[in-house]
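So the chains spell out like this:
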Amino acid sequence: MRPGRNHGWLLRLVIAFSFAQGAVSMARPAVSYRALALGADERAIGVIAGVYALLPLFAAVPLGRRTDQGRCAPLLPVGVVLISGGCVLSGLANSLAAMAVWSGVMGLGHLSFVIGAQSLVARQSAPHEHDRNFGHFTIGASLGQLVGPIAAGTLIGGPDMARTSALALVVAGAGAAVAFTSLWRIERPVEPKSRAGQGGRVPVHRILRTRGVPGGIFISLAVLSATDILTAYLPVVGEHRGIAPSVIGVLLSLRAAATIACRLVMTPMLRLLGRTALLTVTCVLGAVLCAGIALPVPVWALAVILAALGFCLGAGQPLSMTTVVQAAPDDARSTALALRLTGNRLGQAGAPAAAGLIAGVAGVAAPFVMLGALLLVSSAIALRSPAEPGRPGRDRRRGTSAKRKESGSRSAASDESLSRKGDI
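Only a predicted model underlies this, so the values are computations on that prediction, with no experimental measurement involved.

Conventions adopted
Residues numbered from 1 in each chain as written. Predicted model: local features only at pLDDT ≥ 70, side-chain atom pairs only at ≥ 80, totals over all residues. Heavy atoms only, no water. Axes fitted to C-alpha atoms, helices over the stretch in contact; angles between N-to-C directions. Helix = DSSP H or I, 4+ residues; strand = E, 2+ residues; numbered from the N terminus. Left-handed = near helix turned anticlockwise from the far one by under 90°. Contact = heavy atoms within 4.5 Å. Nonpolar A, V, L, I, M, F, W, Y, C, P; charged D, E, K, R; others polar. Buried < 20%, exposed > 50% of the residue type's maximum accessible area, 1.4 Å probe, protein only. Core = buried A, V, L, I, M, F, W, Y, C linked by side-chain atoms within 4.5 Å. Phe/Tyr/Trp six-rings, centres within 6.5 Å; stacked < 30°, edge-to-face > 60°.

**Overview of the packing of helix α1 (residues 8–37) against helix α2 (residues 42–68)**
(1) Moving on: Interaxial distance between α1 and α2 falls to 10 Å at its minimum, and their mutual angle equals 145°. Our pair here, α1 against α2, has a crossing hand that is right-handed. In this structure, α1 uses Val24, Arg28, Val31, Ser32, Ala35 and Leu36 to contact α2, whose residues at the interface are Ile45, Ile48, Ala49 and Tyr52.
(2) Moving on: A class-by-class count of the residues in the contact of α1 with α2 yields eight nonpolar, one polar and one charged.

**Points about the environment of Met26**
(1) Moving on: Along the chain, Met26 falls in helix α1.
(2) Moving on: Accessibility expressed as a relative area gives 5% for Met26, which makes it buried.
(3) Moving on: In sequence terms Met26 and Gly153 are 127 residues apart; their C-alpha atoms lie 8.6 Å from each other.

**A word on the nonpolar core**
(1) Moving on: Within the largest apolar cluster, 102 residues are counted, with the highest numbers of intra-cluster contacts made by Leu13, Phe113, Ile115, Ile186, Ile293 and Leu375.
(2) Moving on: The element contributing the most residues to this core is α1, with 14 residues.
(3) Moving on: Apart from the residues lying within four places of it in its own chain, the contact partners of Leu375 are Ala222, Val223, Ala226, Cys283, Gly286, Ala287, Cys290 and Leu313.
(4) Moving on: Val202, Ile207, Ile217 and Ala332 belong to the second-largest nonpolar core, a separate cluster that totals ten residues.

**Some details on the packing of aromatic side chains**
(1) Moving on: On inspection of all chains with the given rule, the structure shows two aromatic pairs.
(2) Moving on: Ring plane angle 20° and centroid distance 5.7 Å describe the contact between Phe17 and Phe113, whose orientation is recorded as stacked. Here Phe17 is found in helix α1, whereas its partner Phe113 is found in helix α4 (residues 96–124), with 96 residues between them in sequence. Just as Phe17 is buried, Phe113 falls in that class too.
(3) Moving on: Both rings, one in Phe17 and one in Phe137, keep their centres 4.7 Å apart while their planes meet at 10°; by these two values the pair is stacked.

Function-wise, these values are silent; they only describe arrangement.
In structure tokens:
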């Protein structure tokens, strides 16, 4: 397999991810509205949103290990089945406990799909294509986040909120199943590797100690937490401020549209600012805009804030993927991406629970101030993170004799690599 050629697989992956993410983005606010109809308060909403991340939290690294040593594509249909089943069964559930369980199943499906898809992009893209291809890949997520909330807002409403939210969840499950149509022959043939050729597994602690990996994980956690809490808690803010569910759906979709716009212009922004500056600036602006949601502004001002916030949040995810992939050893890329997703799920488990506690004490707008602080911390980390981490995996795979013969050239290559890092 030669990376960097024939991008038809990337288009099909974006289409499949659009349907899978659209189903999840439709289901998340629908779960919140259905839980409210079943008698949930702000704390219960936070717990249900947190359970979405609990089961995937323990599955991420094993799935990453499996993908490093095998194919990526089998995780995609498994993820679609779990997403679709979790959506439908959440709509049929009549208790908050059952909704929490099926929300966890939905989260496991989303994790499986994303690990397989991100590993596919990393494996089938040339190194210089990572920023661009990860940016295009995450457009699929943004398209789903654009359509999903509008569809949920269209279906949910009226006096019988429990029935309409259940209908939205069932429709979301059917939408997820459409992703199957784009998964045919999406992975190029890979020559099997012997165990001797693969070598031993890179320990998790070594991956986490690699320069660039922890920073990429934390930035991703902060950006995803902002997106996740925005999706889960904007309906609650709308209920308290008297904003209709259909308007909330449009606002969430506006945020997603701005994220798509950011990713479409990612390449020129990177040429202008560089990866480190772009991450730092967008995180700082995102922090200010998150805090602005807590203000009692009119709907039109809230729309402006969400559009600007969506644009700022659009850079964090694809650039953090590139940071982690290029920093990690080549034989542990999928595991490193899985660790990044584990950090995401920690944020999705902890941030909504913390947001629920804060909302119960200080009001429903207070969680957005917490997100602002989290993004400020991530901006400081982005400022200190390497723009283009080294590739220690290649050096470790060299043979002992080759190391002795090429010691001088390695030193020169190291100096050249440091020079390139300084230029970026």
